[in-house]
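Read off the chains here:
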Amino acid sequence: MKVLVIGSGGREHSLVIACKKSPLVDEIIAAPGNGGMAMDADCRPVDVNDSEAIVALAKEVAADLVIVGPEAPLAVGASDALRAAGFDVYGPNLDGARLEASKTFTKDFLINNKIPTAWGEKFTDYTKSVNYLSNVDYPIVIKANGLAAGKGVLICQTFEQAQAVAKDMLIQNAFGAAGREILIEEFMDGEEASIMLMVSGEDYVMLPASQDHKRVGEGDTGLNTGGMGAYAPAAVVDEAVEKKVREEIILPTLKALKADGIDYRGTLYIGIMVLPDGQPKVVEFNVRFGDPECQILLPLLEQDPVQLILDCARGELKPESVRVKDEYSMIVVMAAGGYPDAYHKGDVISFPAELPDNVSIVHAGTVKNEAGEILTAGGRVLGVVANAPTLQQAKEDVYKVVEQVKWKNAFYRRDIAWRQLAREG
């Protein structure tokens, strides 16, 4: 089987790695790919925002399965175009992709279907937003409505901060089209977790709950990023919380999607906040695997992930057959100095000569030059992943390798999984 993976980040490299290990896959094409993916797949140039170009490439390579990795092509209808051309596709159609492409659409969806979430109000007018902000309790959350690469969510501690953020988005155009409408939302004080579902209509597989680390600084301080590390399973989603997630969030969501005529086939990522009383509430929906969560979740599956992806694409998923390893997985993201602000590209990366069997390196912002060297080409450059019987062992194994990967001004957080490890003592 020929598999075409659309995208160029760590999530897509982990999907390529899964394809490389799969007995179902004979050939892997990645578009546009990255430096690491170039070692495992045939990388082809493509504009991921151009659905026609993606379909043309799928036809050119005669793909048997297309996996759409990032949100951008989903939000412009790439899956619709591919399915109309007769391809099996993992990734929701445009109607399902609105759950990520529009935060105000999602807020209305949650409220209308009585799914637990924070209260919120949407605005396109700056003056009206400021009048509203002058009468709310702080802290408050302001979200750019559209896709903003994981950076369009800001927590404001004071009215002055909130006013400045609203001005940046609605008047200064800081997030472009994504910020022309904003959502002002209640701040929920709790602990976040990521729930990743592989969905085929109303059938789904819930992967182990994970916890991402969005802030750039240790102790969860500083600016939001695309994710500096993650681990799974996350104990904050215990048996009682999982039961509520399934009954109060997942089932009503999938039922509502079906009622709206949406045949959802792909990943549904549910970001939740677990409140101090154990009540989970939806923070956001994403319509693709999380990055960096994908890199730790696929290795925890006992089954071939490609078989599950194919089953979802074809509407043949059998959730009862899926099994998860009794292990922990952790990823530490290594970033370029200055990220998430301005950062340098083009630095040569040096890697350890050998890796332990339970550790892998997943590339994100890298390129391969003509000399065969791997260079930095993005803010989040790569991730080091380790699987182990305990979370502590996974942490020790992953950081041993992280310390051996080097380039100028590389940095990373040294406290991934700090909350859970502190609870475990």
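Residues numbered from 1 in each chain as written. Predicted model: local features only at pLDDT ≥ 70, side-chain atom pairs only at ≥ 80, totals over all residues. Heavy atoms only, no water.

### Observations regarding helix α6 (residues 103-112)
Given 3.6 residues per turn, any residue in an α-helix points the same way as the ones three and four places further on.
Working step 1: Every buried residue of α6 is listed here: Lys103, Thr104, Thr106, Lys107, Phe109 and Leu110.
Working step 2: Taken from the residues just after α6, Lys114 is the one with a positive phi, measuring 55°. (Buried < 20%, exposed > 50% of the residue type's maximum accessible area, 1.4 Å probe, protein only. Helix = DSSP H or I, 4+ residues; strand = E, 2+ residues; numbered from the N terminus.)

### Focus: the sheet that holds strand β4 (residues 65-68)
Working step 1: The strand order across the open sheet formed by five strands is β3-β2-β1-β4-β5, and the pairing between neighbours is parallel. Sheet topology places β3 (42-43) and β5 (88-90) at the edges, where each strand pairs with a single neighbour.
Working step 2: Bridge analysis of strand β1 (residues 2-7) against β4 gives four bridges, and the strand direction is parallel. Its bridge partner lying in β4, Val5 is registered against Ile67.
Working step 3: Here helix α1 (residues 10-21) sits on the sheet in contact with β1, β2 (27-32) and β4, set at roughly 170° to β1.
Working step 4: Taken strand by strand, helix α2 (residues 51-61) contacts β1, β2 and β4, and its axis lies near 155° from that of β1. (Pairing = 2+ DSSP bridges. Contact = heavy atoms within 4.5 Å. Axes fitted to C-alpha atoms, helices over the stretch in contact; angles between N-to-C directions.)

### Observations concerning the layout of surface pockets
Working step 1: Estimates place the volume of the second largest pocket at around 730 Å³.
Working step 2: If you trace the second largest pocket, you find 34 residues lining it, with Ile17, Lys21, Pro299, Val359 and Ser360 closest to the centre.
Working step 3: Mapped by element, the contributors of at least two residues to the lining of the second largest pocket are α1, α10 (293-297), β19 (359-363) and β22 (380-388).
Working step 4: Considering only residue class, the lining of the second largest pocket consists of 19 nonpolar, nine polar and six charged. (1 Å grid on protein atoms, 1.4 Å probe; cavity = no way out; pocket = protein on both sides within 12 Å on 5 of 7 lines; lining within 4 Å. Points joined across faces, edges and corners; volume = space filled by probe spheres on them. Nonpolar A, V, L, I, M, F, W, Y, C, P; charged D, E, K, R; others polar.)

### Digging into the nonpolar core
Working step 1: Counting 76 residues, the largest nonpolar core has Ile195, Ile270 and Met330 as its most contacted members.
Working step 2: It is helix α9 (residues 239-259) that provides the largest number of residues to this core, a total of seven residues.
Working step 3: Residues in contact with Ile195, not counting those within four places in the same chain, are Met206, Ala209, Val237, Val245, Ile250, Leu268, Tyr269, Ile270 and Ile272.
Working step 4: If you look at the next biggest cluster of nonpolar residues, it comprises 41 residues, including Leu65, Val205, Leu297 and Val362. (Core = buried A, V, L, I, M, F, W, Y, C linked by side-chain atoms within 4.5 Å.)

### Quick notes on the pairing of strand β11 (residues 203-206)
Working step 1: Relative to β11, strand β10 (residues 191-200) runs antiparallel, the two being bridged by four bridges. Among the inter-strand pairings, Ser200 is bridged to a residue of β11, identified as Asp203.
Working step 2: Taking the residues between adjacent antiparallel strands as the criterion, β10 and β11 are bridged by two residues, where Gly201 takes a positive phi near 70°.

### Remarks on the sheet that holds strand β8 (residues 153-156)
Working step 1: Reading across from one edge, β6-β9-β7-β8 is the order of the four strands in this open sheet, with antiparallel pairing throughout. In this open sheet, the two strands that pair with only one neighbour each are β6 (120-123) and β8. The sheet shows a mean angle of 20° between the axes of neighbouring strands, direction not considered.
Working step 2: As paired elements, strand β7 (residues 140-144) and β8 share four bridges and run antiparallel to each other. Paired with Ile140 across the two strands is Cys156, which belongs to β8.
Working step 3: Packing against the sheet, α6 makes contact with β6, β7, β8 and β9 (182-186), and its axis sits at approximately 45° to β9.
Working step 4: Relative to the sheet, helix α8 (residues 159-170) contacts β6, β7, β8 and β9, its axis offset from that of β7 by approximately 5°.

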